[in-house]
Amino acid sequence: MGNYLTAINKVKKKEAPVLVMQELQEFESKGNLTEAGYIMLVQWYTRDKRKEKVDSLTTAIKTAFPDDVVMVNEFLPARYNLF
């Protein structure tokens, strides 16, 4: 999914912001997200500077994957400059 969104950004520069947001919302609305799915969403919403959405997804990751709290607290912020 991430590669697909990157391709949209490169090929359809003018339409990309709207198209990417539509794809992200559709992906998220399907529910039953994996940890990788949450991380991908966090990446893209971070790129778009949607802090409230990133915060919401980070909370959802902690709830859905409580054993991976270290990853959420240490890996994501360092990797994606979230906090």
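The preceding data block contains the structure.
All values reported here derive from a predicted model rather than from experimental measurement.

Engineer: How do you make sense of the overall build of the protein chain when you look at a structure like this?
Structural biologist: Regarding its fold elements, the protein chain presents five helices and zero strands. Secondary structure elements in the protein chain, listed N-terminal to C-terminal, are α-α-α-α-α. The 83 residues of the protein chain split such that 30% are buried. Partitioning the intrachain contacts of the protein chain with sequence separation of at least 6 by distance along the chain shows that 43% fall at a separation of at least 24. Only carbon and sulfur atoms are counted for the fraction: they give 52% of the accessible area of the protein chain, which is about 5600 Å².

Engineer: Quick question: what am I supposed to make of the pattern of salt bridges here?
Structural biologist: Pairs can form between side chains of opposite charge once their charged atoms are near each other. This model, assessed by the stated rule, comprises three salt bridges. Residue Lys 51 is joined to Asp 55 by a salt bridge in which the shortest nitrogen-to-oxygen separation is 3.1 Å. With Lys 51 and Asp 55 both in helix 4 (residues 51-64) and four residues apart, the pair spans about one turn of that helix. Given the relative accessible area of 30%, Asp 55 is considered partly exposed.

Engineer: So what exactly am I meant to see when it comes to the packing of helix 3 (residues 35-47) against helix 4 here?
Structural biologist: Helix packing for two helices is described by the angle between their axes and how far apart those axes are. Following both chains from N to C, one finds helix 3 and helix 4 inclined at 165°, their axes separated by 9 Å at the closest point. Between helix 3 and helix 4, the crossing angle belongs to the class labelled roughly antiparallel. Relative to helix 4, helix 3 is oriented so that their crossing is left-handed. Here helix 3 contributes Tyr 38, Ile 39, Leu 41, Val 42, Tyr 45 and Thr 46 to the contact with helix 4, which in turn contributes Lys 53, Val 54, Leu 57, Ala 60, Ile 61 and Ala 64. Per-class residue counts for the contact of helix 3 with helix 4 are 10 nonpolar, one polar and one charged.

Definitions and cut-offs
- Residues numbered from 1 in each chain as written.
- Predicted model: local features only at pLDDT ≥ 70, side-chain atom pairs only at ≥ 80, totals over all residues.
- Heavy atoms only, no water.
- Helix = DSSP H or I, 4+ residues; strand = E, 2+ residues; numbered from the N terminus.
- Buried < 20%, exposed > 50% of the residue type's maximum accessible area, 1.4 Å probe, protein only.
- Contact = heavy atoms within 4.5 Å.
- Areas by Shrake-Rupley, 256 points an atom, 1.4 Å probe, with all protein chains shown as cover.
- Salt bridge = Lys/Arg side-chain N within 4 Å of Asp/Glu carboxyl O.
- Axes fitted to C-alpha atoms, helices over the stretch in contact; angles between N-to-C directions.
- Parallel < 35°, antiparallel > 145°, perpendicular 65-115°, else oblique.
- Left-handed = near helix turned anticlockwise from the far one by under 90°.
- Nonpolar A, V, L, I, M, F, W, Y, C, P; charged D, E, K, R; others polar.

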